[in-house]
Amino acid sequence: MMPSTQDWINNPLGVVEGMFAASQNNPNSAWEAKAVEFFKDKLKEKDAHTWVPSLNDVPLHYLKPNSLVKFRCLIQDMFDPEFYMGVYETVDPSTKAKVLRCGKYKDVTECGVDFNSRNTVTAERQTFYCVPIPGESPWVKEISSSSRVVPSTSYVPSRHKRSYEEDDDVDDMDTQPQKQREPHSALPLSAGPHSPTEQHSNGDCKRQETEAPSSQATSASHLDLNFPLPGEKGPSCLVKVYDDWDSFKLNDTLEVFGILSFPYECMETAEEQRVHSPPASLVPRLHMIHAKSLPHNNPLLPSATLEDNSAFLSSTLSEMVSVREELLAYFTHVLLGDALAAEYLVLHLISSVYARRDVLPLGKFTLNLSGCPTVASYTERLYQIIQHLVPSSYYLGMSLQNMNQMRLVPKKDYVANRLVSGALQLARNTSLFLDETQLEQGQLDTTGVRNVTALGNLISWQKVDYDFNYHQMEFPCNINVLIASEGRSLLPSDCQIHLQSQVAPDHMDEYLSSIHVHQQTSSQLNKFRMYMSVARLLDYSISDEMTKSVEDDFVDMRKDDPQSISAEDLHRMLIVARLLSLSLGQTSLSRDSWLRAKHIEMLRRSRMEQHKCVNGNEP
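Residues numbered from 1 in each chain as written. Predicted model: local features only at pLDDT ≥ 70, side-chain atom pairs only at ≥ 80, totals over all residues. Heavy atoms only, no water.

Attention shifts here to the overall build of the protein. Along the protein, the regular secondary structure elements total 20 helices and 21 strands. In the protein, which comprises 619 residues, the proportion classed as buried is 54%. Of all intrachain contacts in the protein linking residues separated by at least 6 positions in sequence, the fraction that spans at least 24 positions is 79%. Total accessible area on the protein is roughly 28,200 Å²; 51% of this is exposed by carbon and sulfur atoms. (Helix = DSSP H or I, 4+ residues; strand = E, 2+ residues; numbered from the N terminus. Buried < 20%, exposed > 50% of the residue type's maximum accessible area, 1.4 Å probe, protein only. Contact = heavy atoms within 4.5 Å. Areas by Shrake-Rupley, 256 points an atom, 1.4 Å probe, with all protein chains shown as cover.)

Shown next as structure tokens:
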């Protein structure tokens, strides 16, 4: 009999154990692969993935232990592999009957384990420390949460919903009203290098069942949950991975489907144990059954790839030109009437690293928007507008204090054996807004110089060198960097455009105070959000014919004045042409788009020349 929705979501271990039991009569059944396929097939059914409760949306005390949940996350750290009892034998103390048990997807065994059994099979699993996607925009969380379907068979919340930050102050026994108390849950199942399984007697288990850990141990303020960005909320999670763990990399963004576990907490005091086994009330365990890589975290787009959803793609492409016009008009208003700067902002926001040639990342388009007003918090307002449009973003005010005190680069802590996160440990396609108007006179200390260097390397090479004390380890990234500055930025950029305000200085305060995101309806904002994500995901190519045409143009442009255009200028023009094409929903370069790219680049360079003449001290 096939399990019902209630069974496979509410009791996935029952499904797994049923398949394990059936496999005992057929040693070649490959039951483990079949179990994974069963859940993958179930999740493919219409709306089925929306029935699965999400750790991102639902506080832990609403979730049923050992149920199937999902988690949209970033792999922040990877711990050493651990061994666990994949198969073990239990003995009934009264009847002496022996039963084989499956240990997969669990943290604890049943009581009565026969440690001398020859049928015990030791297996290996990997542990990832996962956090919610850093800087995920409030609109993403809101839409993801509201699109969840909860059928009648799912869990029932037992009381008024609270936020995670409110839960931090709640006693552990209160946050886990449904914590397992079954008498059969007895022994920790796994043993890492520092946690041998056989040290725990049944007496220890009884103590753990009846005694609540101290509130100090369960308070989030006493436990660094290692979120990359300051002020982040939401759960972190220890994800146990059973198959193909080599296919995952640090900083990958995933949607994990797995079995939620709240193991009993062993109150070790060693620093590494504190980090690797934090209280389950704050950092639950999730035993991965299936995970899919997230090419984006925009909930407005279908979960399937664009190629697999041709109806969505064709309807979106048909509207690209009109939505682009609306977005340009909106950005022109936000950028003080500057239509050219608005065009470049659109191109920047849809840019993405699509390939790497040796060390050179192709497709990046860091924009330096100079000439930003310093009145009426203009740069913060501009960031808030961008935050309402992109799925993930972070505002970094480049004040002297921030530069000298913030930890931007992740660092390995060898005592706790973990990677201590930094603000540049971001998911791909995060919009990083650097506000250089915050920089004041003063001295950068050693940390400040290191941080500014890290930002420069991120912009130039799309990589962050993590600090492993005795050496640095290079991690490639794909982060959209926008630098807002008064004059030319002290950081490198792929393109600088000086903002040309059409607003009279007398009216600037009034104009800026009128700029806010609520001028747009939510349906209009959603059109912009879909537009930018789709433009970023489209493929692009240049035909041999267009390549020849571009080369001929370059030769012609250099004929009269070889100094007028360099190979670097041509490279920038090709990036602008690529982004211009994608912004129009075109996947190959047309003659019109190339001419348009040349034209706007000429206008931008001409403006920069004029600005240099007016401001002689401007570099």
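That was the structure; now back to the text.
Right, let's get into the pattern of salt bridges. With the rule as written, the count across this model stands at 27 salt bridges. Among the ionic pairs, Lys-42 bridges to Glu-45, the shortest N-O distance being 3.8 Å. Given a relative accessible area of 15%, Lys-42 falls into the buried group. The class of Glu-45 is partly exposed, set by a relative accessible area of 38%. Lys-527 is the salt-bridge partner of Glu-326, the closest N and O atoms lying 3.6 Å from each other. Here the residue Glu-326 occupies a position in helix H11 (residues 310-334), and Lys-527 occupies one in helix H17 (residues 522-537), the gap between them amounting to 201 residues. (Salt bridge = Lys/Arg side-chain N within 4 Å of Asp/Glu carboxyl O.)

This paragraph deals with the packing of aromatic side chains. For the coordinates displayed, the defined rule picks out 14 aromatic pairs. Ring plane angle 65 degrees and centroid distance 4.9 Å describe the contact between Tyr-105 and Tyr-242, whose orientation is recorded as edge-to-face. Taken together, the residues span a long stretch of sequence, with Tyr-105 in the loop between strand E3 (98-102) and strand E4 (108-110) and Tyr-242 in the loop between strand E8 (237-241) and strand E9 (253-261) at a distance of 137 residues. In terms of burial, Tyr-105 and Tyr-242 fall into one category: buried. Where Tyr-383 meets Phe-433, the ring centres are 5.7 Å apart and the plane angle is 65 degrees; that geometry is what we call edge-to-face. Of this pair, Tyr-383 sits in helix H13 (residues 378-387) while Phe-433 sits in strand E17 (residues 431-435), placing them 50 residues apart in sequence. Here Tyr-383 falls in the buried class, since its relative accessible area comes to 9%. These aromatic residues form a ring-pair network of at least three members: Tyr-84, Tyr-105 and Tyr-242. The ring of Tyr-84 carries Arg-125 above its face, with NZ or CZ at 4.5 Å from the centroid. Taking NZ or CZ as reference, Arg-529 lies 4.2 Å from the ring centre of Trp-139, over its face. (Phe/Tyr/Trp six-rings, centres within 6.5 Å; stacked < 30°, edge-to-face > 60°. Lys NZ or Arg CZ within 6 Å of the ring centre and 35° of its normal.)

Moving on, we get to the packing of H11 against H17. Contact geometry of H11 with H17 gives a least axis separation of 9 Å together with a crossing angle of 115 degrees. Classed by the angle they form, the pair H11 and H17 counts as roughly perpendicular. The chirality of how H11 crosses H17 is left-handed. When H11 is examined against H17, the residues Phe-312, Leu-313, Thr-316, Met-320, Val-323, Arg-324, Glu-326, Leu-327 and Tyr-330 are found in contact with a partner set consisting of Gln-524, Lys-527, Phe-528, Met-530, Tyr-531, Met-532, Val-534 and Ala-535. (Axes fitted to C-alpha atoms, helices over the stretch in contact; angles between N-to-C directions. Parallel < 35°, antiparallel > 145°, perpendicular 65-115°, else oblique. Left-handed = near helix turned anticlockwise from the far one by under 90°.)

Proteins that are soluble and globular tend to have nonpolar side chains buried together. Residues Leu-327, Phe-331, Leu-335, Tyr-344 and Leu-369 are the most contacted members of the largest nonpolar core, which totals 68 residues. Per element, the largest residue contribution to this core is 9 residues, and it comes from H11. With residues near it in sequence (within four places) discarded, Tyr-344 still touches Phe-365, Leu-367, Cys-495, Ile-497, Val-576, Ile-600, Glu-601 and Arg-604. Counting 52 residues, the second largest nonpolar core, distinct from the first, contains Leu-229, Leu-434, Leu-455 and Cys-477. (Core = buried A, V, L, I, M, F, W, Y, C linked by side-chain atoms within 4.5 Å.)

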